[in-house]
Amino acid sequence: MIISMCDYNKLIVVTNRHLCKGDFLAQLAKVLALKPCALILREKDLDYDEYSALAKKVKALCDKANVPMFVHTHFELARSLKCGVHLSFENWKAQQEALALAKQNGVAKISVSCHSLEEAQKAEAKGADQIVLGTIFATNCKPGKEGAGLEFLQEVCQSCNKPVYAIGGIKEENLQSVLDAGAAGGCMMSGFMEL
């Protein structure tokens, strides 16, 4: 995958250590050197203690590279690490009061995964700092699921004042079309984990 250097800052790295062929932390250091706009530490299969230990190591790499980090789901951990938190729409809905308090006490940003215009509007109205909108193109992560497409992305981008990042099948060949649809950028997993 070859993306021009100026485009890396439009991409959020979404991690999946199972896709890495070598050492996961070494891979992340290599990816972070490209200066993406952020990193979401996904790794949903780890228990809290394993995830927390990994998050501390990844946060040190992100800090060294000056790339913002989002932990996945664990807003208490985000508060202690002074980083952002990325949540599914369902988790975000269930924890709105706690998240509002957490944001006042050290959570850098709240990122919410949305799959409809209504979800994106609700998340934005209730304090989300950014929307991760999917699934835009077909992807190997969700086999058999068709992408919602660029018109859907454009509709959501036009209705939101917060940055919208497209997810699902984002790669070099379609990044410009995502940006042209009004997205702040895209989220990419395989392209970064297999780089």
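As a starting point, this report considers the structure included with it. All values reported here derive from a predicted model rather than from experimental measurement. The numbering scheme is per chain: residues are counted from 1 as the chain's sequence reads. This being a predicted model, a pLDDT of at least 70 is required before a residue's local features are given, and a value of 80 or more before pairs of side-chain atoms are given or counted; all residues contribute to the totals for chains, interfaces and linings. Computation of side-chain values covers all heavy atoms of the structure but excludes hydrogens and water.

Here the focus is the environment of Gly186. By the criteria applied, helices consist of DSSP H or I runs no shorter than four residues and strands consist of E runs no shorter than two, each listed in order from the N terminus. Among the secondary structure elements, Gly186 is positioned in strand β8 (residues 185-188). A relative accessible area of 0% means that Gly186 is categorised as buried. The residues contacting Gly186, other than those within four sequence positions of it, are Lys10, Leu11, Ile12, Tyr165, Ala166, Ile170 and Leu175. Each residue's exposure class comes from its accessible area (1.4 Å probe, protein chains only) as a fraction of the maximum for that residue type: buried when under 20%, exposed when over 50%, partly exposed otherwise. Note on contacts: a residue pair is in contact if any heavy atoms of the two residues lie within 4.5 Å.

Okay, the side chain of Glu124 next. With respect to the element layout, Glu124 can be found in helix α7 (residues 117-125). The charged side chain of Glu124 is buried without a salt bridge, its nearest counter-charge being Lys162 at 6.1 Å. Polar contact is defined as a pair of N or O atoms within 3.5 Å, subject to the rule that within protein one atom must be able to donate a hydrogen and the other to accept it, and that residues adjacent in sequence are counted only when both atoms are side-chain atoms. Here the side chain of Glu124 touches Lys162 through a polar contact of 2.8 Å, landing on its backbone nitrogen. Those residues in contact with Glu124 that lie beyond four places of it in its chain are Ile131, Ser159, Cys160, Asn161 and Lys162. As used throughout, the charge tally considers Lys and Arg to be positive and Asp and Glu to be negative, leaving His and the chain termini uncounted. Salt bridge, as used here: a side-chain nitrogen of Lys or Arg that lies within 4 Å of a carboxyl oxygen of Asp or Glu.

This brings us to the pairing of strand β3 (residues 69-72). Here β3 shows no split at all, with Met69 and Val71 on one side and Phe70 and His72 on the other all buried. Pairing between strands requires that DSSP locate at least two bridges from one strand to the other. With three bridges connecting them, strand β2 (residues 38-41) and β3 associate as parallel partners. Note on β3: the bridge partner recorded for Ile40 is Phe70. Handedness of a crossover is defined as follows: with both strands directed away from the viewer, a clockwise route from the first strand across the helix to the second makes it right-handed. On the question of chirality, the crossover connecting β2 to the parallel β3 by way of helix α3 (residues 48-65) is right-handed. With respect to chirality, the unit in which β3 leads through helix α4 (residues 75-81) into the neighbouring parallel strand β4 (residues 84-88) is right-handed.

All right, on to the packing of aromatic side chains then. Here a Phe, Tyr or Trp ring, Trp counted by its six-membered ring, pairs with any other such ring whose centre lies within 6.5 Å, and the pair is stacked when the planes are under 30 degrees apart, edge-to-face when over 60, and tilted otherwise. Scanning the model with the defined rule gives two aromatic pairs in all. Between the aromatic rings of Phe89 and Trp92, the centroid separation amounts to 5.3 Å while the plane-to-plane angle is 35 degrees, which identifies the pairing as tilted. Of this pair, Phe89 and Trp92 are both found in helix α5 (residues 89-94), three residues apart, which corresponds to roughly one turn of the helix. For Phe89, a relative accessible area of 6% puts it in the buried group. By relative accessible area, which is 3% here, Trp92 ends up buried.

Here the focus is helix α2 (residues 24-32). Within α2, the full set of buried residues consists of Phe24, Gln27, Leu28, Val31 and Leu32. Relative to the axis of α2, the buried residues are bounded by an arc of 130 degrees and lie together on one face. The inward-facing, buried residues of α2 contact β1 (11-14), β2, α3 and α10 (190-193). The arc in question is the one traced by the directions running from the helix axis out to the C-beta atoms.

A few words now on the environment of Gln95. The topology assignment puts Gln95 in the loop between α5 and α6 (96-104). Sequence spacing of Gln95 and Phe75 is 20 residues, and the spatial spacing of their C-alpha atoms is 9.3 Å. In this structure, Gln95 is in contact with Phe75 and Leu87, ignoring residues within four places of it in sequence.

Any link to function would need more than the numbers given here.
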